[in-house]
Amino acid sequence: MSRRQVSSTRRGATLPFVGALSSKSKSSPLLSVVLVLLGACLLIGYASRGSGVFGGGKEAISKIEGDFSCTLEVQRAIPLLRKAYGDSMRKVLHVGPDTCSVVSKLLKEEETEAWGVEPYDIEDADGICKSLVHKGIVRVADIKFALPYRAKSFSLVIVSDALDYLSPKYLNKTLPEFARVSTDGLVIFTGYPGQQRAKVAELSKFGRPAKMRSSSWWVRFFVQTSLEENEVAIKKFEQAASKNSYKPGCQVFHLNSYH
């Protein structure tokens, strides 16, 4: 998916009224002043419209061609997660589609080791992703079954775009499994009800349409699976978000690991 570039052809175009100023050099001074003022108004209007395009950039990052991605949202939130979790970001496991992009970004962070689990096939993956798989940093695994890691292998587990495709039957097994392999917490990025997910052509890959659940549904489910919300991390994340004027494009849940 590619983002449409803003056309630059208008920038080099001749402004209206400039020709009129040169061709009508003998016109009255009053007419010249009026034309200059009109030209200035057009320039101001164009500049303000241009700033609007860039002002909406953050929204475009998360919503490309109508498809919402919490995996992209994770990449935006990495600086805030570091402020909320501190040293707990030292060994991170990301689980979700396009995990290679998240792992690659995490590996650029200082004092951070990162691994990933891709729940779906990666036949169309680029060379960088295939290299991560070859090195064993990223694994392709069905998250409906036990993860191929020992208990408490990671300090933090981050999940995005994966749970929305699972029924409660499998969620009952998958969520506790994420908590099992973490020591300091579990962060879940999931869509809001009404957000668009996979296109019809991709349903064969995910197996079923995504189901966007409300925050109250998730909270009840966490209670049923004995997962407690991490109040300290929630507070720190919200403070960092407020300070950086960050508005999450998807729901973010902070949970404690099993102890």
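What this report covers is the structure whose coordinates are included nearby. (Residues numbered from 1 in each chain as written. Predicted model: local features only at pLDDT ≥ 70, side-chain atom pairs only at ≥ 80, totals over all residues. Heavy atoms only, no water.)

## Observations concerning the pattern of salt bridges
In plain terms, the rule: Within this document, salt bridges are pairs made up of a side-chain nitrogen of Lys or Arg and a carboxyl oxygen of Asp or Glu, the two lying within 4 Å of each other. Each helix is a run of DSSP H or I of at least 4 residues and each strand a run of E of at least 2, with the numbering of both proceeding from the N terminus. Burial status follows relative accessibility: with a 1.4 Å probe on protein chains alone, a residue under 20% of its type maximum counts as buried, one over 50% as exposed, and anything between as partly exposed.
Tallied over the entire structure, the rule returns 5 salt bridges. Across the pair Glu73 and Arg76 runs a salt bridge, and its minimum N-O distance is 3.2 Å. Of the two residues, Glu73 and Arg76 are both situated in helix H4 (residues 70-85); the distance of 3 residues between them amounts to about one turn of the helix. Classification of Arg76 by relative accessible area gives partly exposed; the value is 21%. A salt bridge links Glu177 to Arg180; the nearest nitrogen and oxygen atoms lie 2.6 Å apart.

## Focus: the packing of helix H5 (residues 99-107) against helix H6 (residues 127-134)
The following threshold applies: Only C-alpha atoms enter the line fits that serve as axes; for helices the fit covers just the stretch in contact. Angles between N-to-C directions range over 0 to 180 degrees. Our angle categories are set so that under 35 degrees counts as roughly parallel, over 145 as roughly antiparallel, 65 to 115 as roughly perpendicular, and the remainder as oblique. Here, residues are in contact when the closest pair of their heavy atoms is within 4.5 Å.
One way to put it is that H5 packs onto H6 with a least axis distance of 10 Å and a crossing angle of 80°. What the angle tells us is that H5 and H6 run roughly perpendicular. Seen from H5, the contacting residues are Cys100, Val103, Ser104 and Leu107; seen from H6, they are Ile128, Cys129 and Leu132.

## Describing the pairing of strand S8 (residues 251-255)
How we decide: Pairs of strands are assigned from DSSP output, requiring at least two bridges between the strands.
Of all the 5 residues making up S8, 5 are buried; the element is thus mostly covered by neighbouring parts of the structure. Two elements, strand S7 (residues 186-190) and S8, share 5 bridges in a ladder whose sense is antiparallel. Bridged to Val187 within S8 is His254.

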